[in-house]
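These are the residues of each chain, in order.
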Amino acid sequence: MNTLPPDPDPVPIIPPTASQRVIAAFERLTEAGRPELWTTLRAVEDVLVDAKAVDERVTAGEVLPLAGTVIAVQDLIDVAGQPSGHGVPETSAAVVARLTAAGAVVLGKTGAAMISCAWDRTKTGGNGAAVAVALGVVDLALSTGGAVPAALNAVAAVKPTRGLLPAADAVSVYANGLVAAHRALTVMTGGDRSWPADVRLGAGEHPRIAYPGDLPLGEAATLAFTAVVARLTAAGAVLSPISVPEAGFDGFDALLVPTVPDHPGIAEALADPAGVSHRLAACTAFANLLDVAAVTVPVLPGDRRPFGVTFLTRAFEDQIALDLATVCTDEPMTPYPEPGEDVVVFGAHLRGQPLNADLTGLGARFTGPVRTTEAYRMVLLDTEPPQPGVLEGGAGLDGERWRLSPAAFDRFAATLKAPFVLERVELDDGTAPLAVRCLTAEGRGLDRYESWRGYVRFASTAGLRDPG
């Protein structure tokens, strides 16, 4: 009998060094042939000096979350030693300094003038920052241009709540995905506004989203926007059309708007820049008057059509906008760096269970399933609704991790009645978050079950009897 040898273990993919990424950026820049993107392009030797310094820091053991990341910065934002609109600054803007401290390397400065699109040179593409990201020359770009250039080039844009970044003007981060933009925001966040203690971090499994039903859109933009509405509805969101003059958040968790109504040609845009800019901003201009967070994404992953959508949420509810946008991008999203506390639940507070509203009503965010170490067990308590008591034992249990703002965490803790307490549990990932547990409790053992849902399924088919 002939047998094939076992497959070899997969070879781990080693990320490129900062120096390798810089060389690749300049190669891509040459291939793209778009010199009009830049107001200042640094010499390759100078950029490599910065990259090698990053590589040396990594080799020395320093953890740099943006090591190997190449960025572009719009001309209006200061970069040390690079010409700006008001001279040559000696220091970088705080948002730039935080990125470079985390390992990013600046390739150059891009212009704010109207240029052609990354994917169709006959169409307008907004500013150079978005085009540089779309072409893959840089990984990230900082811009004051907002959502429109991102949509025209089918890249993501995140504009945080005003004051969360240390910048006088509203700065957007352009990237080819939300994960990359989120990573940059994590190191940049920290401005002159503090997070409210009761900030909402999640909108539940059925977020309420309003969208304008009366915007004058072109045919292609209408089809793209309709596809997003259908995708969100299929994911469980509840969408309601509103009139643009009514745009607001009363009764809703977010507003969804098409980012641009159409895609003008570059000739038209250069002939009438003010008129075209006004038309392109028609869908999102009202948001400039509001204190909101904004996340812009393409319609579908890998979609190069210039008809993205923008999610708007109340100030400081940036996490909700990011999570909703991932429905379009199919990306995982980790918590934004707002203050909060994690709690693990095992019973009636799980998603779909009777007390889950105690969490979602406080703006808690589901962050994922968890499993404990082999050190716990469940008993069935005589409560209404039925709940398990989690005690010390000898088995692993399945649960869920939720994140709450500080004030919401205190309110949630106040809802727990004896015998429930918040005590730490050891999870199989090595962490030990607080969890809803019982120190002592009387009840029938549920030792056959590794999760409360497993018992609930049993009870729903077999009836309420001794779980054995």
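Being a predicted model, the structure only gives us computed values, none of them experimental.

Engineer: What is the right way to look at the overall build of the protein in this model?
Structural biologist: Scanning the protein from terminus to terminus reveals 13 helices and 21 strands. When its C-alpha atoms are laid out on the principal axes, the protein stretches across 80 × 60 × 55 Å. Looking at the protein as a whole, 51% of its 468 residues are labelled buried. Intrachain contacts of the protein at a sequence separation of at least 6 include 70% that bridge at least 24 residues.

Engineer: Which parts of the structure should I look at to understand the sheet that holds strand β16 (residues 376-381)?
Structural biologist: Picture the strands of a sheet paired through backbone hydrogen bonds; they go either parallel or antiparallel. Pairing within the open sheet is antiparallel, and its three strands lie in the order β17-β16-β21. Edge positions in the sheet fall to β17 (387-392) and β21 (444-445), since each of these pairs with one other strand and no more. Sheet analysis places β16 next to β17, joined by six bridges and oriented antiparallel. For Tyr376, the partnering residue across the bridge sits in β17 and is Glu392.

Engineer: I tried to follow the sheet that holds strand β7 (residues 156-159) on my own but got confused; where do I start?
Structural biologist: Here we have eleven strands laid out as an open sheet, ordered β1-β3-β2-β6-β8-β7-β12-β13-β11-β9-β10, and mixed in their pairing. For this open sheet the edge positions go to β1 (38-41) and β10 (238-242), each flanked by a neighbour on one side alone. Mean inter-strand twist for the sheet, computed between neighbouring axes without regard to direction, equals 25°. Alignment of strand β2 (residues 70-74) against strand β3 (residues 105-110), held across five bridges, turns out to be parallel. The residue bridging Ala72 from the neighbouring strand is Gly108, located in β3.

Engineer: When you look at the pairing of β17 in this model, what are you seeing that I'm missing?
Structural biologist: In regular strands, side chains alternate between the two faces of the sheet. Within β17, five of the six residues are buried, leaving the element largely enclosed by the surrounding structure. Connecting β16 to the next strand, β17, in antiparallel fashion are five residues.

Engineer: Teacher, can you tell me more about helix α3 (residues 94-101) here?
Structural biologist: Val95, Val96 and Leu99 are the residues of α3 that are buried. Across the axial projection of α3, the buried residues extend over an arc of 95°, all falling on one side. Taken together, the buried residues of α3 touch β2, β3, β6 (140-143) and α6 (178-188). At the exit of α3 stands Gly103, carrying a positive phi of roughly 110°.

Engineer: Teacher, can you tell me more about helix α2 (residues 44-59) here?
Structural biologist: Count 3.6 residues to each turn of an α-helix, and residues three or four apart come out pointing the same way. Look at α2: 22 Å from first C-alpha to last across 16 residues, which is about the 22 Å you get at 1.5 Å a residue. Turning to α2, its buried residues are Val47, Leu48, Ala51, Val54 and Asp55. All buried residues of α2 project into a common sector of 115° when viewed along the axis, lining one side. Exposed side chains of α2 directed beyond 90 degrees from the buried face belong to Glu45, Val49 and Glu56. Of the surrounding secondary structure, the elements contacted by the buried residues of α2 are α1 (18-32) and β3. Of the residues trailing α2, Gly61 is marked for its positive phi of about 105°.

Engineer: Could you clarify how one ought to interpret the packing of aromatic side chains in this entry?
Structural biologist: Centre distance and the angle of the planes are the two values used to describe a pair of aromatic rings. As enumerated under the stated definition, the model contains eight aromatic pairs in all. Summarising the aromatic geometry, the rings of Trp195 and Tyr336 are spaced 5.6 Å apart at their centres and angled 70° between planes, so their arrangement reads as edge-to-face. Taken as a pair, Trp195 in the loop between α6 and β9 (208-212) and Tyr336 in the loop between α10 (318-329) and β14 (341-345) lie far apart in primary sequence, 141 residues in all. Overall, the relative accessible area of 16% leaves Trp195 in the buried class.

Engineer: Could you clarify how one ought to interpret the pattern of salt bridges in this entry?
Structural biologist: Pairing between side chains becomes possible if they bear opposite charge and their charged atoms approach one another. Counted under the stated rule, the structure contains 22 salt bridges. Residue Glu62 is joined to Arg57 by a salt bridge in which the shortest nitrogen-to-oxygen separation is 2.8 Å. Ionic pairing is found between Asp398 and Arg371, a salt bridge with its closest N-O pair at 2.8 Å. Taken together, the residues span a long stretch of sequence, with Asp398 in strand β18 (residues 398-404) and Arg371 in strand β15 (residues 365-371) at a distance of 27 residues. The network of salt bridges with shared partners includes Arg200, Arg208, Asp253, Arg314 and Glu317.

Engineer: Explain the nonpolar core here, please?
Structural biologist: Looking at soluble globular proteins, one finds that nonpolar side chains tend to be buried together. Of all hydrophobic cores here, the largest spans 63 residues; its most connected members are Leu142, Leu178, Leu256, Val297 and Phe311. When near neighbours in sequence (up to four residues on either side) are disregarded, Leu142 contacts Ala72, Val73, Gln74, Ile77, Val95, Val96, Leu99, Ala129, Val171, Ser172, Val173 and Met188. Tyr376, Val425, Leu446 and Tyr455 belong to the second largest nonpolar core, which has 37 residues in total.

Engineer: Just checking my understanding: could you explain the environment of Pro306 for this structure?
Structural biologist: By the secondary structure assignment, Pro306 is in the loop between β12 (292-297) and β13 (309-314). Each C-alpha atom of the pair Pro306 and Ala147 lies 11 Å from the other, and the pair is 159 residues apart in sequence. With sequence-adjacent residues up to four places away left out, Pro306 is seen in contact with Ala151, Leu152, Val260 and His263.

Engineer: Help me out: how do you make sense of the packing of α1 against α2 in this one?
Structural biologist: Helix-helix packing is characterised by the crossing angle of the two axes and by the distance between the axes. At their nearest, the axes of α1 and α2 sit 7 Å apart, and the two run at 155° to each other. In terms of their interaxial angle, α1 and α2 are classed as roughly antiparallel. Each of Ala18, Ser19, Val22, Ile23 and Phe26 in α1 lies in contact with α2, whose residues at this interface are Val44, Val47, Leu48, Ala51, Lys52, Val54 and Asp55.

Engineer: Hey, could you run me through the side chain of Thr259 in this one?
Structural biologist: Structurally, the position occupied by Thr259 is in the loop between β11 (254-258) and α8 (266-271). At 2.9 Å, the side chain of Thr259 forms a polar contact with the side chain of Thr310. Not counting residues up to four positions away in its chain, the partners in contact with Thr259 are Ala147, Val148, Ala151, Leu280, Cys283, Thr284, Thr296, Gly308, Val309 and Thr310.

Engineer: Is there a simple way to think about the environment of Val54 in this case?
Structural biologist: Examined against the element boundaries, Val54 turns out to sit in helix α2. Note on Val54: relative accessible area 5%, which makes it buried. With 232 residues separating them in the primary sequence, Val54 and Phe286 have C-alpha atoms 42 Å apart. In this structure Val54 touches Ala18, Leu64, Ala67, Gly103 and Val105, once residues within four positions along its chain are discounted.

Cut-offs used in this document
- Residues numbered from 1 in each chain as written.
- Predicted model: local features only at pLDDT ≥ 70, side-chain atom pairs only at ≥ 80, totals over all residues.
- Heavy atoms only, no water.
- Helix = DSSP H or I, 4+ residues; strand = E, 2+ residues; numbered from the N terminus.
- Buried < 20%, exposed > 50% of the residue type's maximum accessible area, 1.4 Å probe, protein only.
- Contact = heavy atoms within 4.5 Å.
- Pairing = 2+ DSSP bridges.
- Axes fitted to C-alpha atoms, helices over the stretch in contact; angles between N-to-C directions.
- Arc of directions from axis to C-beta.
- Expected span 1.5 Å × (residues − 1).
- Phe/Tyr/Trp six-rings, centres within 6.5 Å; stacked < 30°, edge-to-face > 60°.
- Salt bridge = Lys/Arg side-chain N within 4 Å of Asp/Glu carboxyl O.
- Core = buried A, V, L, I, M, F, W, Y, C linked by side-chain atoms within 4.5 Å.
- Parallel < 35°, antiparallel > 145°, perpendicular 65-115°, else oblique.
- Polar contact = N/O pair within 3.5 Å; in protein donor to acceptor, adjacent residues only side chain to side chain.

In short, geometric facts, not functional conclusions.
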